[in-house]
Every structure is written in C-alpha cells, then in structure tokens.
Amino acid sequence: MEKKRIAGEEAAKRIQSGMRVGLGTGSTAYYTIVEVGKRVREGLDIVAIPTSRETERLARELGIPLTDFRSCPRLDLTIDGADAVTPDLQLIKGGGGALLREKLVASISDELIIVVDDSKLYDSLSGLAIPVEVVPFAWETTATRIEQLGGRWKLRERNGEAFITDNHNFILDTVFDEVADPADLARRLKLTTGVVDSGLFIDMAREVAVGTAAGVEWRKKPGV
Ligand SMILES: O=C(CO)[C@H](O)[C@H](O)COP(=O)(O)O
C-alpha cells in the first residue's frame, strides 16, 4: 500500500488551481483523491469528474467540487490507476469494473497520468486478464465471439451473481495467450457486437508514476 500511496500522492502534485480534473478509480487513485481533497480544503480551486460511483461518493465526502460532461466537455488532466502497464505505456484497466467510465473520462482529457505500484509493470499484455464490458443481452453469444478472436473468458461474479457495472452491463474477464498487437486486439474487441468496450487503453497515457521501494519513478511514453 505504501508504494501505491506514494505514487498516488506524487501524481496529485500535478494538479493546479483552475484545472478540470478526471478522478480515477481503485486503491491507488484513492490516494490521489484523498490528497486532492486535502488540497481543496487548503484552497485548491478545481472541478472534477469521477470515473465511477465509488469515486463520486469519495469525492463528495471529501468536498471536491464535481462537474459533468455537459458543463465541462474537456478536462485538463485525469489521474487513474491501471492493472498492467507495458514499456510503451499501453494499459489494461478495469480490474475494479469501471473501465467504460474511465475510458470516457480519459478520452476527454488533454493528459492521462497513470498511478501504479511496480507490480503492475509487464513486458507485454500476453496472458494477462483483460476485462471486457458487454451488454447483458445475449452475453453468451458475445463470449463465443470473443472465443473466436482467440480469447478465453470468465463472467465476472460478485457474491455468486454476475457483477453489474455502473452502466448496468456485465464484465467478461478474458485472456489472450498472445497479444502481439494490443491496438489490433482493442479494435477487434470494439468491433464485436455486444462488446461495449475493453480494458485496453491504447496510446492514451503519456506518463506513469510508479511507486517503488526506492520512491516514485516517472515513466514517459517513448518519444514524448
Ligand atoms: O481500472 C481500474 C478500475 O476499473 C483500476 O484503476 C485498476 O484496477 C487499478 O486498481 P488498483 O489501483 O486498486 O490496483
């Protein structure tokens, strides 16, 4: 938790008064949000859009002013966690089931900063769990289509029932043994009828704050 805490808090320093900010979801983004709440109480003047109902609850509790997509069609910066990060900053997200709102918020952000501990760094996305949000209607057919793309899948459950996302959809946790081209896989998943979106975040993050035993290391997208 210490590595997550230092990464989350370090990234929060990038937030300045006047910014419109996306607030991520998960146990690492939690530390960013708590730090933002502290700075808001000290006078930081921002508005934020949360990426999940859980984050919305936390932000409200902490007194962080919230806005919405209609009043605020662009954000300056989003800070969010991830489940896997490759050397060229391709990501898997959605371990907490919030991938769709996270992708929507990231997609309107000028900058996406990812906060992780060093257990999330991988050389490739092959063999890792990739959450895919699917509509509940005919989800078995969608799962079969994912199999045809080469993926194994498991319906995510909570307390013995299908896990329901904030958008009232299901999550299929998929595994593809070989992910040679994450962008191509993301496209194929997106084109699959019944899939709402996948946890593959391609070319979205420019910087990652990695919490390590020695402190926070910043990784930048190669060429940026
Ligand atoms: O994508 C996410 C939620 O949908 C999270 O950001 C991701 O799962 C990382 O979570 P944590 O910081 O708790 O390890």
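Residues numbered from 1 in each chain as written. Predicted model: local features only at pLDDT ≥ 70, side-chain atom pairs only at ≥ 80, totals over all residues.

Caption draft 1: Highlighting unusual backbone geometry. Here Leu89, not a glycine, exhibits a phi torsion of approximately 60°, which is positive. Here Leu89 is to be found in the loop between strand S4 (84-85) and strand S5 (91-92). With a phi close to 55°, Asp203 is a non-glycine residue in the positive phi region. Along the chain, the position of Asp203 falls in the loop between strand S13 (200-201) and strand S14 (207-212). Asp203 sits in the partly exposed class, given 13 other C-beta atoms within 10 Å. (Helix = DSSP H or I, 4+ residues; strand = E, 2+ residues; numbered from the N terminus. Buried ≥ 20, exposed ≤ 12 C-beta atoms within 10 Å, placed from the backbone.)

Caption draft 2: Representation of the domain arrangement of the chain in the model. As far as domains go, the chain holds domain 1 (2-121 + 202-214) and domain 2 (129-197). Centre-to-centre, using C-alpha coordinates, domain 1 lies 24 Å away from domain 2. Contact with domain 1, which involves 13 residues of that partner, is made by 13 residues of domain 2. Looking at side-chain class alone, the side of domain 1 that touches domain 2 contains five nonpolar, five polar and three charged residues. (Domains from an automatic or database assignment. Contact = placed C-beta atoms within 7 Å. Nonpolar A, V, L, I, M, F, W, Y, C, P; charged D, E, K, R; others polar.)

Caption draft 3: Focus on the pairing of strand S2 (residues 47-50). Sheet analysis places strand S1 (residues 20-23) next to S2, joined by four bridges and oriented parallel. When the bridges of S2 are listed, Val21 appears paired with Ala48. (Pairing = 2+ DSSP bridges.)

Caption draft 4: Spotlight on the UniProt feature "active site" (unreviewed entry) in the chain. Here, the residues flagged by UniProt with the feature "active site" (unreviewed entry) are Glu102. Within the secondary structure layout, Glu102 lies in helix H4 (residues 99-107). Here Glu102 is in contact with Gly24, Thr25, Thr51, Asp80 and Lys93, once residues within four sequence places are set aside. (UniProt positions renumbered as here; feature names shortened; annotations may be inferred.)

Caption draft 5: Structural context of the site of the ligand. The full set close to the ligand counts 18 residues, and Gly26, Thr28, Gly81, Gly95 and Gly96 are the nearest of them. Here the residues of the shell around the ligand sort into four nonpolar, ten polar and four charged. (Near = placed C-beta within 6 Å.)

Caption draft 6: The arrangement of the packing of helix H1 (residues 2-12) against helix H2 (residues 29-41) in detail. It is the contact of H1 with H2, at a shortest axis distance of 7 Å, that shows an interaxial angle of 45°. Judged by the angle between their axes, H1 and H2 are oblique. You can see that H1 and H2 cross each other, and the crossing is right-handed. Here H1 contributes Lys4, Arg5, Gly8, Glu9, Ala11 and Ala12 to the contact with H2, which in turn contributes Ala29, Tyr30, Tyr31, Thr32, Glu35 and Val36. Residue classes in the contact of H1 with H2 are distributed as six nonpolar, two polar and four charged. (Axes fitted to C-alpha atoms, helices over the stretch in contact; angles between N-to-C directions. Parallel < 35°, antiparallel > 145°, perpendicular 65-115°, else oblique. Left-handed = near helix turned anticlockwise from the far one by under 90°.)

Caption draft 7: Representation of the packing of H2 against helix H3 (residues 53-62). Where H2 contacts H3, the axes come no closer than 9 Å and their chain directions differ by 25°. Taken together, H2 and H3 sit at an angle that is classed as roughly parallel. Viewed along their axes, H2 and H3 form a crossing whose handedness is right-handed. Residue-level inspection shows Ile33, Val34 and Gly37 of H2 in contact with H3, the latter providing Thr55, Leu58, Ala59 and Leu62. Class assignment for the residues of the contact of H2 with H3 results in five nonpolar, two polar and no charged.

Caption draft 8: Focus on the confidence of the model for the chain. On average, residues of the chain carry a pLDDT of 97, and 100% of them reach 70 or more. Interface confidence in the predicted complex, given as ipTM, is 0.98; pTM for the same model is 0.97. (pLDDT = per-residue confidence, 0-100.)

Caption draft 9: Seen up close, the pairing of strand S6 (residues 109-117). Of all nine residues in S6, seven are buried; the element is thus mostly enclosed. Summarising the sheet, strand S3 (residues 75-80) and S6 pair through five bridges and their orientation is parallel. Paired with Ile79 across the two strands is Ile113, which belongs to S6.

Caption draft 10: Looking closely at the nonpolar core. In this structure, Leu91, Ile114 and Val115 are the most contacted members of the largest nonpolar core, which totals 55 residues. Apart from residues lying up to four places away in sequence, Leu91 is in contact with Ala82, Ala84, Val85, Ile114, Phe201, Met204 and Ala205. (Core = buried A, V, L, I, M, F, W, Y, C linked by C-beta atoms within 7 Å.)

Caption draft 11: Looking closely at the sheet that holds strand S12 (residues 195-198). Read from one edge of the open sheet, four strands run S8-S11-S7-S12, paired in antiparallel fashion. Lying at the two open borders of the sheet, with one neighbouring strand each, are strand S8 (151-155) and S12. In this sheet, neighbouring strand axes are inclined to one another by 30° on average, regardless of whether the strands run parallel or antiparallel. When strand S7 (residues 129-134) meets strand S11 (residues 170-176), the two strands line up antiparallel, connected through six bridges. Bridging across to S11, Pro131 finds its partner in Asp173. Its contacts with the sheet put H4 on S7 and S12, and the angle it makes with S12 is roughly 65°. Helix H5 (residues 139-148) contacts S7, S8, S11 and S12 of the sheet and is inclined by roughly 155° relative to S8.

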